[in-house]
Amino acid sequence: MRRIGSMLPFAFSAVLMTAVGTSAQKIVVEVRRQFKEIKGLMEGKAKPEYGKCVDIVTQAAIRNMIIPAIIAIITPLAVGLLLGIEALGGLLIGVILSGLMMALFMSNTGAAWDNAKKFIEKGHFGGKGKEAHKAAVVGDTVGDPFKDTAGPALNALIKVINTLSLVFVPLFVAYGLSLI
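Computed from a predicted model, the values in this text were never measured in an experiment. (Residues numbered from 1 in each chain as written. Predicted model: local features only at pLDDT ≥ 70, side-chain atom pairs only at ≥ 80, totals over all residues. Heavy atoms only, no water.)

Moving on to the overall build of the protein chain. Assigned secondary structure in the protein chain consists of six helices and zero strands. Listed by position from the N terminus, the elements making up the protein chain come as α-α-α-α-α-α. The C-alpha radius of gyration computed for the protein chain amounts to 21 Å, which surpasses the reference 16 Å derived for 180 residues by more than 25%, pointing to a less compact arrangement than a globule. Over its C-alpha atoms, taken along the principal directions, the protein chain stretches across nearly 70 × 40 × 20 Å. When the 180 residues of the protein chain are sorted by exposure, 33% land in the buried category. Here the contacts in the protein chain between residues at least 6 apart in sequence split such that 74% fall between residues at least 24 apart. A total accessible area of about 10,900 Å² is found for the protein chain, and carbon and sulfur atoms account for 69% of it. Side-chain charges of the protein chain comprise 19 positive and 12 negative groups, with the mean position of each set lying 2 Å from the other. (Helix = DSSP H or I, 4+ residues; strand = E, 2+ residues; numbered from the N terminus. Rg over C-alpha atoms; globule rule 2.2 N^0.38 Å. Buried < 20%, exposed > 50% of the residue type's maximum accessible area, 1.4 Å probe, protein only. Contact = heavy atoms within 4.5 Å. Areas by Shrake-Rupley, 256 points an atom, 1.4 Å probe, with all protein chains shown as cover. Lys, Arg positive; Asp, Glu negative; His and termini not counted. Charge placed at Lys NZ, Arg CZ, Asp CG, Glu CD.)

Turning our eyes to something else, we now look at the pattern of salt bridges. Oppositely charged side chains can pair when the atoms bearing their charge come close. Applying the stated rule across the entire model yields nine salt bridges. Between Glu 30 and Arg 33 there is a salt bridge; the shortest N-O distance is 2.6 Å. One end of the pair is Glu 30 and the other is Arg 33, both in helix α1 (residues 2-37) and three residues apart, which spans about a single turn. Taking the relative accessible area as the measure of exposure, Glu 30 reaches 9% and is therefore buried. The class of Arg 33 is partly exposed, set by a relative accessible area of 23%. Across the pair Glu 49 and Lys 52 runs a salt bridge whose closest N-O atoms are separated by 3.7 Å. Residue classification places Glu 49 among the partly exposed positions, given a relative accessible area of 31%. (Salt bridge = Lys/Arg side-chain N within 4 Å of Asp/Glu carboxyl O.)

Glancing now at unusual backbone geometry. Positive phi, close to 55°, is recorded for Phe 125, a residue that is not glycine. Within the secondary structure, Phe 125 is located in the loop between α4 (85-121) and α5 (131-167). Residue class for Phe 125 comes out exposed when judged on its relative accessible area of 63%.

What follows is the structure, encoded as structure tokens:
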């Protein structure tokens, strides 16, 4: 069960990072549409339709949190009821240890990529427009969801799984199958 628990933060983070990518792509499509259809927008003479972008992001945020929420809620309930409290303990150990390490890694790595881009933009390694800057922009593009989305969200995953496990321990003891 520790293996399943250790895997959960990776699956959870993958879902979140995919959600950020798909949401960003929808915003890119909307911004391109506005530049194409709103005359004078490129010259600063017309106002963009901010509300449409806000709507896209809001709807995407709500829709894309369904699967991560299901992961965090269903997993401890299923393991506790189907495999028993010993298996649930292994799940919790795996989630806590790998989730903590992964959250620290993602938060720090994302910040490092962001700082590397800023460092290069100050003129180091050739500055803007050079290959180092292009690589740093790619790193920062990956780093932003690392440090702003997946890294901090792992704390919520750990808390939700542990809290649900504690709340439902009486149910698991009374009705858990304990197949292992």
